[in-house]
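Report on the structure
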2 protein chains.
Amino acid sequence: MAEHLVTFNLDGAQPVTVHVPTGTLLTEAAQRAGVEITQPCGGQGRCGRCAVQITSGDVRRRSTLRLTADDVAAGYTLACQSVVEGDVSVTVPPQEKIERRLTTDRVVADVQVPAGYDPKTAQTIQRVALTLTQPSMDDQTDDWSRLTTAFRQQAGIDQVSVSLPLLRRIGPILRDGDWNISAVYESAISNQQSAIRLIDVRLDEPSLFGLAIDIGTTTVSCWLVDLISGQVVAQAAEYNDQIKRGEDVISRIIYASKNGSGFEMQSLVLETINFLIKNVCDKAKAEPKDIFKATIAGNSTMVHLLLNIPAASIRLAPFVTAINHVPLLTATDLGLNINPEATIDCLPGVASYVGADITAGVLSSGMEDSEQLTLFMDVGTNGEIVLGNRDWLVTCACSAGPAFEGAGVVNGMRATRGAIEEVWINSETYEPSYRVIGNTKPRGICGSGLISLLSEMFITGVLDKGGNLNTHLESPRVRSGEHGLEYVVAWANETWHGHDIVMTHVDVDNLLRAKAAIYAGYSVLADRVGVPLESVERFLIGGSFGKYINVEKAVQIGLLPDMPWDQFAFLGNTSVKGTYLALLDRAQRDRLSEIASRMTYIELSADNTFYDAFTSALFLPHTDLAKFPSVEATLSKS
Amino acid sequence: MAEHLVTFNLDGAQPVTVHVPTGTLLTEAAQRAGVEITQPCGGQGRCGRCAVQITSGDVRRRSTLRLTADDVAAGYTLACQSVVEGDVSVTVPPQEKIERRLTTDRVVADVQVPAGYDPKTAQTIQRVALTLTQPSMDDQTDDWSRLTTAFRQQAGIDQVSVSLPLLRRIGPILRDGDWNISAVYESAISNQQSAIRLIDVRLDEPSLFGLAIDIGTTTVSCWLVDLISGQVVAQAAEYNDQIKRGEDVISRIIYASKNGSGFEMQSLVLETINFLIKNVCDKAKAEPKDIFKATIAGNSTMVHLLLNIPAASIRLAPFVTAINHVPLLTATDLGLNINPEATIDCLPGVASYVGADITAGVLSSGMEDSEQLTLFMDVGTNGEIVLGNRDWLVTCACSAGPAFEGAGVVNGMRATRGAIEEVWINSETYEPSYRVIGNTKPRGICGSGLISLLSEMFITGVLDKGGNLNTHLESPRVRSGEHGLEYVVAWANETWHGHDIVMTHVDVDNLLRAKAAIYAGYSVLADRVGVPLESVERFLIGGSFGKYINVEKAVQIGLLPDMPWDQFAFLGNTSVKGTYLALLDRAQRDRLSEIASRMTYIELSADNTFYDAFTSALFLPHTDLAKFPSVEATLSKS
């Protein structure tokens, strides 16, 4: 097969060349050449973020979606859709750098150790000092029998299992310690008479640390926990490195399903986790080898990708996972840089789109032990909803999409420096004012900013209830732009990049679809179990998305139901909190398994009612304004 | 530190050079340069086999044992004892090639499948065809739950464990098989209601094969077994590749204890085993992935080195192993090229010098279930003895050394082509005749040849009862050679290499010490339990050593006790036979664990009686001729 020379010209660097056969995609050629081209949509040609410019030669373009005719004329092409068929030179525009400043790093959560936490009974990781009999010519028992005898006689433990790598290390340690050692073990059963698993043998008594890890599609959070005191001694969060191979779970499943890419996806998230482990260890001056357990939550796709278990079936009807209750693993099985024998406990999920992050969230919310009828909602890149109380729990997922995270919106961005996070519009002049994270010039609009903006545009009449821009306003801010009608939030001279920041009618449609999916999700779920939405006593919102939004404005756009504001509670990252509880206490861990078993999953996509509810919710705040009396009152005032 | 240039000149090849720091041993330099220098004694400077010639520059010689003054003057030095302190050129003589023709390959043992073998009840490896329910929008259960449900409903199995790598493969197989698959699993408990371990999931019903492997210090034997019929479908044996790093267990422990060399020792024996696996699979047209279990025996050192568990404590008082009862492992843990999830069962040993090869040997001998008082002896590179019956079993080891395997004897060699295997001496002319394996010119003398020669020399008066050569004989064959007095078995012009083949007085001393150790071993063992040696009803000899020796001559030198010849039985490789039984049948495997627990180990080195018995046995056949009436009768006739 013919080979072609591909030359990549990078901003301020030497050109990089690579030879590839006919039919190679430009993204593949770039990967081989070690040139980074981000593909937020996973190489499907949807997002337009991988655009590059052809400066000599040409490529076959499978799709030019998201490129204008002018772009194409100027040589722009989507790298993920461009097939190399001859020698070609490509200019790669400077890639947007992901800022390392995360919303989750803004405030370190103040976590209370559960009252009455007793590591001796609650914790599965235990340590014990043992004094072994010394071998002699009269007692030539083998080392391992000597150790198990000490376990039996001094700790009341009859059966001990051990891995080969640990077995290799024991003899020299016993002798170095002059037959006095400290053993760390895992007892899965509360009664110590049963079988245990040996994790380490030490000369001195080690600290016992554990990790609570939440793998979000966007952000990975990691808490380092002292298993004796129960205290969280360090926290860190970081973007999931998989983002560069797709922003949502679907893109990542598609990417991972390509030959051999499952391993790459696993490596990417492991790199993030291992970076976080180093970070929390540095902060707390802890040794990774003293971390004997890691409890992990994440949505089902994140857990499958972490374990490099094929996730394709999650994406395709009838949407089933490979496994919901993952067996216990070790750090060596997974490749975590902690004690190699440490237990890895991946928490159980319920279904393809209701994962361990939700079961952990429910655990931390306490709703499964409450008499109050509670609605728990976790809105991240996807939206999951749980309704119930101590007697019953139902759950569903709605593919809200990542619009509220800034994706699929022209000037959308994540909640980092330069993001507009709140907007106010003057109802007479239609001139906006806004607040920017970091008090710098704005670069775009984040989720809370989008909710705020949408609400203000609606309340001030820039938008009608159908989400249409009002072209009769006396304002230069409503205009016809490249993508059709749009509202200008910031003029080019005010912004960081020198371009106008706008909200287009396409953006409005995307946001309406996202909020309608969420509203339809919880209202249909309530309907399906015959509970009026009004009877919900508590409305709990988890996920970092829910941390900064303005309830009033979220109700005004019909994202949240119109109920007294004090019934809403924002819980932050409920997934990592629940994971922390399961890490600490075997009883909580058992409760979590029960929660996963108790939750009845309802598949909304198989339900016509959902489509009707979704369609009705595509309005501001809703087709039926009677469902939003407080909004009705506001509108009548303005 | 200063670096020096070492040049290795090899026979008929380009010189090889390497830079090493001051203080490097020549053997280490050779290893770095990729030059093979055999070290049968493990680099202790005992065997003299690593002699090389210095042609320019010089080295510091730590020891010149086994080199004559002329050798040293000619530049010869022991590579394992030579320290590089300047640039040096070294000529490496052509290394003796280990011939691949093994005694164990001469005859393929005809093995009977145990009567009434029923794989359904006896075998721990099972397969079952399962039909899973198909997922639908109404049944979104995960793949793994679907599989475990099928196990519960169709095989009555409630709990299934699985490894992460296998978990990764299941989803695609279930779909390729349209939810009809064949599962292979291990049930450790005979009652199928308990937990099992999943080993493989297949589209079609696989054959079920297992391996019985005996790791001898010298020879590794491997049987491929059809676990359904129970038949041995192929056999192979090969020298243990570790030989090049030491001929006996002590040398190998010393070598393995050097930094990082444990891994090398493990790799060497794994290479041998994987070579044998390929060999038996080729012979039987079997697929390695269809081998689901391997049961392994070996002396305690071989098992430790196989697992790369530090073996140093085996060599040093008080002589304890790291572990006798090794937990079940998988082929992946170990690196065997069979199904990666296959069970690896290392059989249990009793003590440092009574390993799983002996417990397996006892199982196959049936002595532990017999009323007859039985003495079982396994003479390989070491000598192990078991005495007892169905009521009691005692055991000991005697460091006979490898003299009967040809090591430590000037013209000793293994039982391969060119070895003198039997000798007859004319009692008037003292002229010998001999038989050579392969009917070629002789190259040396193997174990059976040494026993035969020693016996003939004694019976004809070439040796007196103290093992001294008779210098008053009218024969040119008894002469004073480089190493002192010696008897010439073959003149240079008759031999393969053009040098005389002799038995020196030092060789005689070595052989007497070896046979005295064995005799003292079993006689002291009998004495310690208060059983007269004469009351032993059966004398069973295992090990390939015991397969070809002449009982009469072995009695004449006092290696075997003077009892009716029909009480002796040569059982061949009892270790691999016992391993085969334990592979096939869980009940036999349980019996083997019981044998290991029942056997009382007696440490002879802690016993003065042993030293006395050893000293008394250093004569031909013994100080007390009354113990050997048949020999006394023969001597009085001649």
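Please refer to the structure placed before this passage.
Residues numbered from 1 in each chain as written. Chains lettered and ligands numbered in written order. Predicted model: local features only at pLDDT ≥ 70, side-chain atom pairs only at ≥ 80, totals over all residues. Heavy atoms only, no water.

1. Brief notes about the relation of the copies chain B and chain A
To be explicit about the condition: Least-squares superposition of the copies uses the C-alpha atoms of those residues scoring a pLDDT of at least 70 in each of them.
With an RMSD of 0.1 Å, the fit of chain B onto chain A corresponds to turning through 180° and sliding 0.1 Å along the axis. Look at the turn and shift together and you get a two-fold axis relating the two. Every residue of chain B has its C-alpha some distance from the rotation axis, and the shortest such distance is that of Asp333(B), at 5.8 Å.

2. What about the sheet that holds strand E5 (residues 82-92) of chain A?
All names here are of chain A. The line we're drawing: Here, a strand pair is defined by DSSP locating no fewer than two bridges between the strands. Secondary structure counts use DSSP, requiring at least four H or I residues in a row for a helix and at least two E residues in a row for a strand, with both numbered from the N terminus. Lines fitted to C-alpha atoms define the axes, with helix axes restricted to the stretch in contact, and inter-axis angles between N-to-C directions lie between 0 and 180 degrees.
Pairing is mixed in the open sheet, where five strands are placed in the order E2-E1-E5-E3-E4. The strands lining the two open edges of the sheet, one partner per strand, are strand E2 (16-21) and strand E4 (76-78). Here the strands of the sheet are splayed against their neighbours by 35° on average, with no regard to which way each runs. In the sheet, strand E1 (residues 3-10) pairs with E2 via six bridges, with the strands oriented antiparallel.

3. Overview of the environment of Thr124(B)
Residues and elements named next belong to chain B. The following threshold applies: For every residue, the accessible area (1.4 Å probe, protein chains only) is compared with the maximum for its type, and the residue is labelled buried under 20%, exposed over 50%, or partly exposed between those bounds. By the convention used here, residues are in contact when the closest approach between their heavy atoms is within 4.5 Å. Here a polar contact means two N or O atoms within 3.5 Å. Within protein one must be a hydrogen donor candidate and the other an acceptor candidate, and residues neighboring in sequence count only if both atoms are side-chain atoms.
Along the chain, the position of Thr-124 falls in the loop between helix H4 (119-122) and strand E6 (125-131). Judged by relative accessible area, which is 11%, Thr-124 ranks as buried. For the pair Thr-124 and Lys-293, spaced 169 residues apart in the sequence, the C-alpha separation amounts to 9.1 Å. Here Thr-124 is in contact with Tyr-185, Glu-186, Ser-187, Lys-293 and Arg-586, once residues within four sequence places are set aside. A polar contact of 2.7 Å, which involves the side chain of Thr-124, links it to the side chain of Lys-293.

4. Some words on the packing of aromatic side chains
Just so we agree on the cut-off: Within 6.5 Å between ring centres, the rings of Phe, Tyr and Trp (the latter by its six-membered ring) count as paired, and their orientation is classed by plane angle as stacked under 30 degrees, edge-to-face over 60, tilted in between. The rule is short: NZ of Lys or CZ of Arg within 6 Å of the ring centre and within 35 degrees of the ring normal puts a charge over the ring.
Under the definition given, this model contains 17 aromatic pairs over all chains. The structure contains a cluster of three or more aromatic residues connected by ring pairs, namely Tyr519(A), Tyr522(A), Phe539(A), Phe568(A) and Phe628(A). Here the guanidinium or amino end of Arg443(B) rests over the ring plane of Trp496(B), the centre of that ring lying 5.0 Å away.

5. A look at the interface of chain B and chain A
Applicable threshold: Buried area: the accessible surface (1.4 Å probe) lost by two parts on joining, summed over both. Every case where a carboxyl oxygen of Asp or Glu lies within 4 Å of a side-chain nitrogen of Lys or Arg is listed as a salt bridge.
Listed as interface residues are 38 residues of chain B and, on the opposing side, 38 residues of chain A. Here chain B meets chain A over a buried area of about 2900 Å², counting both sides, of which 65% is carbon and sulfur. Of all residues in chain B, the largest losses of buried area upon contact with chain A belong to Met137(B), Gln140(B) and Arg168(B), amounting jointly to 21% of the total for that side. Taken together, chain B and chain A are joined by zero salt bridges.

6. Observations regarding helix H13 (residues 447-459) of chain B
At 3.6 residues per turn, the α-helix brings residues three or four places apart onto the same side. Residue and element names in this part refer to chain B. As a reminder, the rule being used: In a helix, the anticipated span is given by 1.5 Å times the number of residues less one.
Compared with the 18 Å implied by 1.5 Å per residue over 13 residues, the 18 Å span of H13 between its first and last C-alpha is a close match. Along H13, 13 of the 13 residues are buried, which leaves the element largely enclosed by surrounding structure. Looking one or two residues past H13, Gly-461 carries a phi angle of roughly 85°, positive in sign.

7. Re the pattern of salt bridges
Residue and element names in this part refer to chain A. The full count for this structure, using the stated rule, is 46 salt bridges over all chains. Between Asp-139 and Arg-146 there is a salt bridge; the shortest N-O distance is 3.1 Å. The class of Asp-139 is partly exposed, set by a relative accessible area of 25%. Arg-146 gets classed as buried once you look at its relative accessible area, which sits at 3%. Of the charged contacts, one joins Lys-278 and Asp-282 as a salt bridge, the two residues approaching to 3.0 Å between their closest N and O atoms. Here Asp-282 and Lys-278 lie together in helix H7 (residues 261-284), a separation of four residues that amounts to about one turn.

8. A closer look at helix H4 (residues 143-155) of chain A
Residues and elements named next belong to chain A. In this model, H4 (13 residues) spans 17 Å end to end at C-alpha, consistent with the 18 Å of a helix rising 1.5 Å per residue. On its buried face, H4 is in contact with strand E6 (125-131), strand E7 (160-161), helix H5 (164-176), strand E8 (180-186) and strand E9 (196-202). Backbone geometry just downstream of H4 places Gly-156 in the positive-phi region, at approximately 65°.

9. Description of unusual backbone geometry
The peptide bond linking Leu620(A) to Pro621(A) adopts the cis configuration, its omega dihedral lying at -15°. By the element assignment, Pro621(A) lies in the loop between helix H17 (608-616) and helix H18 (629-637). The backbone of Asp178(B) shows a phi angle near 50°, a positive value even though the residue is not glycine. Located in the positive-phi region is Asn439(B), a residue other than glycine, with phi close to 50°. In this structure, Asn439(B) sits in the loop between strand E20 (432-436) and strand E21 (444-445).

10. Digging into the sheet that holds strand E26 (residues 568-572) of chain A
By definition, the strands of a sheet pair up through backbone hydrogen bonds, in either a parallel or an antiparallel sense. Residues and elements named next belong to chain A. Taken together, six strands build an open sheet; the order of strands is E26-E25-E16-E17-E18-E27 and the sheet is mixed. Looking along the sheet, the strands with just one partner apiece sit at the ends: E26 and strand E27 (600-601). Relative to E26, strand E25 (residues 538-542) runs parallel, the two sharing four bridges. Bridge assignment links Ile-541 to a residue of E26, and that residue is Phe-570. Along the sheet, helix H11 (residues 356-365) makes contact with strand E16 (374-379), strand E17 (383-388), strand E18 (393-398), E25 and E26, crossing E16 at roughly 135°. The sheet strands contacting helix H13 (residues 505-528) are E16, E17, E18 and E25, and the helix crosses E17 at an angle near 25°.

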